[in-house]
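Understanding the architecture of this molecule
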Amino acid sequence: MTNTVNEHAAPYLVVESPYELARWRPLVNWVLYVPHGIILNALQILSRVVFFIYWLMLIFTGKLHPGMYGVMAMYERYNARTGGFLIGYSETYPPFDFDTDTHDNNAYPPVRLNLPDVPPSVPRSAALNVFLAIPHYIVLMVYFIGAAVVALIGWFAVLFTGAWPQGMRDFLVGVSNYYYRVWTYIVMIDNEYPKFGLPAA
């Protein structure tokens, strides 16, 4: 079954996998996740450093660097895939894939993340996006707390029923798509101010 959460023509994150899951998965997936978690921590540090340089480059040159954006997109996709496995979107183990293309290479079909390309031109004023998005940070924090509670309940549901409740999993995907919409604004790829709240299903 497919999660389809749209704000624009297509969702950023698409999860295509059965809601059914082996009952033991919540007890084991977090252990299997550990190698990816270590790598993800390093990629997060790299992504933050790259973003700072990328942000400064826009201020001083008026241009976004596609290669640096690709590194940040790679981190987001790696996080989406491995986090999806941890939560239980799929029983398939995610690959150690470091492709920096903004478009998903389908290396992990159950969880796909497609992000917009770098626009041909961006005003220097877009550097303010990171500050203008502060209200969204607050709203996202509330959603993330709710998502953590839903994920915990979902794990217990899998333990007892062998399946993710559809509404709960769809909610988690919706929160992710709201985050990615705000993320594209922060990294100055889509400079239209994001709408608050989850994308319409």
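Just so we're clear, the structure is a prediction, and the values are computed from it rather than from any experiment. (Residues numbered from 1 in each chain as written. Predicted model: local features only at pLDDT ≥ 70, side-chain atom pairs only at ≥ 80, totals over all residues. Heavy atoms only, no water.)

Okay, the overall build of the chain next. What the chain contains, in helices and strands, is five helices and three strands. In summary, the chain has a C-alpha radius of gyration of 17 Å against a globular reference of 17 Å for 201 residues, a match within 12%. Seen through its C-alpha atoms, the chain measures out along the principal axes to roughly 55 × 30 × 25 Å. Counting the 201 residues in the chain, one finds 46% classified as buried. Excluding contacts between residues fewer than 6 apart, the proportion of contacts in the chain whose partners are at least 24 apart in sequence is 70%. Carbon and sulfur atoms form 70% of the exposed surface of the chain, whose accessible area is close to 9,800 Å². (Helix = DSSP H or I, 4+ residues; strand = E, 2+ residues; numbered from the N terminus. Rg over C-alpha atoms; globule rule 2.2 N^0.38 Å. Buried < 20%, exposed > 50% of the residue type's maximum accessible area, 1.4 Å probe, protein only. Contact = heavy atoms within 4.5 Å. Areas by Shrake-Rupley, 256 points an atom, 1.4 Å probe, with all protein chains shown as cover.)

A few words now on the nonpolar core. The biggest cluster of nonpolar side chains holds 51 residues, and the ones touching the most others in it are Leu13, Phe51, Tyr54, Tyr69, Met72, Val187 and Met188. Put simply, the parts of the chain that give this core at least two residues each are strand S2 (13-16), helix H1 (25-61), helix H2 (66-87), strand S3 (111-113), helix H4 (134-161) and helix H5 (166-186). If you tally residues by element for this core, the top one is H2, at ten residues. Among residues more than four places away in sequence, those in contact with phenylalanine 51 are Met72, Val130, Ile186, Val187 and Met188. (Core = buried A, V, L, I, M, F, W, Y, C linked by side-chain atoms within 4.5 Å.)

So, on to the packing of H4 against H5. Between H4 and H5, whose axes approach to 10 Å, the crossing angle comes to 155°. By the angle class used here, H4 and H5 are roughly antiparallel. Remark: the crossing between H4 and H5 carries left-handed chirality. When H4 is examined against H5, the residues His136, Tyr137, Val139, Leu140, Tyr143, Phe144, Gly146, Ala147, Val150, Ala151, Ile153 and Gly154 are found in contact with a partner set consisting of Met168, Phe171, Leu172, Val175, Tyr178, Tyr179, Val182 and Ile186. (Axes fitted to C-alpha atoms, helices over the stretch in contact; angles between N-to-C directions. Parallel < 35°, antiparallel > 145°, perpendicular 65-115°, else oblique. Left-handed = near helix turned anticlockwise from the far one by under 90°.)

So, on to the packing of aromatic side chains. Per the counting criterion, the structure on display carries 13 aromatic pairs. Consider the rings of tryptophan 55 and phenylalanine 131, whose centres lie 6.3 Å apart with planes at 75°: the pair is edge-to-face. One end of the pair, tryptophan 55, is in helix H1; the other, phenylalanine 131, is in helix H3 (residues 129-132), and 76 residues separate them in sequence. Put simply, the rings of Phe52, Trp55 and Phe131 touch in pairs and so form one group of aromatic residues. Above the ring of tyrosine 19, the side-chain terminus of arginine 169 is found at 4.0 Å from the ring centroid. (Phe/Tyr/Trp six-rings, centres within 6.5 Å; stacked < 30°, edge-to-face > 60°. Lys NZ or Arg CZ within 6 Å of the ring centre and 35° of its normal.)

Turning to the confidence of the model for the chain, a few remarks are in order. Mean pLDDT over the chain works out to 93, with 95% of the residues at or above the 70 mark. Residue range residues 1-8 is modelled with pLDDT below 50. Its contacts to residues more than four positions away, or to other chains, number 33 contacts. (pLDDT = per-residue confidence, 0-100.)

The final tally for this structure, using the stated rule, is one cavity of 30 Å³ or more. The calculated volume of the largest cavity comes to roughly 30 Å³. Along the walls of the largest cavity sit Met74, Arg77, Tyr78, Arg81, Asp97, Phe98 and Asp99, which together make up its complete lining. Across the lining of the largest cavity, the residue classes break down as three nonpolar, no polar and four charged. (1 Å grid on protein atoms, 1.4 Å probe; cavity = no way out; pocket = protein on both sides within 12 Å on 5 of 7 lines; lining within 4 Å. Points joined across faces, edges and corners; volume = space filled by probe spheres on them. Nonpolar A, V, L, I, M, F, W, Y, C, P; charged D, E, K, R; others polar.)

Turning to a nonpolar patch on the surface, a few remarks are in order. A contiguous nonpolar patch, built from Leu128, Phe131, Leu132, Ile134, Tyr137, Ile138, Tyr193 and Phe196 and spanning about 780 Å² of accessible area, is present on the exposed surface. Of all elements in the fold, only H3 and H4 reach the threshold of two or more residues within the nonpolar patch. Looking at which element gives the most residues to the nonpolar patch, the answer is H4, with three residues. As for its placement among the helices and strands, isoleucine 138 is situated in helix H4. (Patch = residues over 30% accessible without salt bridge, like charges linked within 9 Å, V, L, I, M, F, W, Y side chains within 5 Å. Salt bridge = Lys/Arg side-chain N within 4 Å of Asp/Glu carboxyl O.)

Taken as a whole, this structure holds five salt bridges when the rule is applied. Of the charged contacts, one joins aspartate 97 and arginine 81 as a salt bridge, the two residues approaching to 2.9 Å between their closest N and O atoms. Taken together, the positions of aspartate 97 in the loop between H2 and S3 and arginine 81 in helix H2 put the pair 16 residues apart, joining distant regions of the chain. Taken as a pair, aspartate 97 and arginine 81 share a single burial class, namely buried.

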